[in-house]
Amino acid sequence: MIDKTLLTETVEQAIAGTSIFLVDVQVNPGNAIVVEIDSPEGIDIDTCADITRKIESVFDRDKEDYELEVGSAGLTSPFKVKGQYLKNIGNQVEILTKDGRKLKGTLLSVDDDSFTVEITKKVKEPGKKKPVEVAEPETLDMDNCKYVKYLIDFK
């Protein structure tokens, strides 16, 4: 079985001193390894190839066979680490809270365990026939969200 701790350390050493951050490392049955990375500038195939070579230099396929996939975190995948939140400040995000609310808004800021989004709500003002849209900031705890992900708007 592939040592996940050694694998994680190997990836962290490979990305040390860069803007790249580790999103996730999975060692699935049959030694199928999946490494997800990201950076504020995005990830290119050459970066993935470099990290793949560094992993292969530590883990000998002759001793233990494995399947290796190194790639960027998917555009529509839920955020897993703080770096993904920071990367998306100013972008539209979709949030599903643990209490079942589905929210859409602009990510404004990120703290260690919470984030603030500007959510546009329709509010009925006294004396007006139609509701008006009002943008309000709302701070949410990361632990109280089932997922937060980048919102692709095809309008």
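None of these values were measured; they are calculated from a predicted model.

J.: How should the pairing of strand β5 (residues 102-110) be read in this particular structure?
T.: Each regular strand shows side chains that alternate between the opposite faces of the sheet. As paired strands, strand β4 (residues 92-97) and β5 are joined by five bridges and run antiparallel to one another. What sits directly across from Gln-92, in β5, is Thr-106. The hairpin turn running from β4 into β5, its antiparallel successor, is four residues long, and Gly-100 in that turn takes a positive phi close to 95°. Sheet topology places β5 next to strand β6 (residues 114-123); five bridges connect them, and they run antiparallel. Its bridge partner being in β6, Leu-107 is matched across the sheet by Val-117. Connecting β5 to the next strand, β6, in antiparallel fashion are three residues.

J.: Just to check I follow, could you spell out the sheet that holds strand β8 (residues 145-150) for this structure?
T.: Paired through backbone hydrogen bonds, the strands of a sheet run either parallel or antiparallel to each other. The strand order across the open sheet built from five strands is β7-β6-β5-β4-β8, with neighbouring strands paired in antiparallel fashion. Edge positions in the sheet fall to β7 (132-141) and β8, since each has one partner strand and no second. In this sheet, adjacent strand axes meet at a mean angle of 35° when their direction is disregarded. Looking at chain direction, β6 and β7 are connected through ten bridges and run antiparallel. Pairing of Thr-116 across the sheet is with Thr-139, part of β7.

J.: Would you mind going over unusual backbone geometry with me for this structure?
T.: Trans is the common state for peptide bonds, and a negative phi is the common state for residues other than glycine. We note that Asn-31 has phi near 55°; this positive angle belongs to a residue other than glycine. Its place among the elements puts Asn-31 in the loop between β1 (21-28) and β2 (32-38).

J.: For this particular structure, what's the right way to read the environment of Val-117?
T.: Counting through the fold element by element, Val-117 comes out in strand β6. When its relative accessible area of 0% is taken as the criterion, Val-117 is described as buried. Sequence-distant contacts of Val-117, defined by excluding residues within four places in its chain, comprise Val-93, Ile-95, Thr-106, Leu-107, Leu-108, Glu-136, Pro-137, Glu-138 and Leu-140.

J.: Quick question: what am I supposed to make of helix α2 (residues 45-58) here?
T.: In an α-helix, one turn spans 3.6 residues; hence positions three or four apart end up facing the same way. Compared with an ideal rise of 1.5 Å per residue, which puts 14 residues at 20 Å, α2 spans 20 Å between its outermost C-alpha atoms and is within 8% of the ideal. Along α2, the positions that sit buried rather than exposed are Thr-47, Cys-48, Ile-51, Thr-52 and Ile-55. Angular distribution of buried residues about the axis of α2 spans 135°; they occupy a single face of the element. Away from the buried face of α2 by more than 90 degrees, exposed residues Asp-46 and Ser-57 are located. Where α2 is buried, its residues meet α1 (4-15), β2 and β3 (67-72).

Rules of the game
- Residues numbered from 1 in each chain as written.
- Predicted model: local features only at pLDDT ≥ 70, side-chain atom pairs only at ≥ 80, totals over all residues.
- Heavy atoms only, no water.
- Pairing = 2+ DSSP bridges.
- Helix = DSSP H or I, 4+ residues; strand = E, 2+ residues; numbered from the N terminus.
- Axes fitted to C-alpha atoms, helices over the stretch in contact; angles between N-to-C directions.
- Buried < 20%, exposed > 50% of the residue type's maximum accessible area, 1.4 Å probe, protein only.
- Contact = heavy atoms within 4.5 Å.
- Expected span 1.5 Å × (residues − 1).
- Arc of directions from axis to C-beta.

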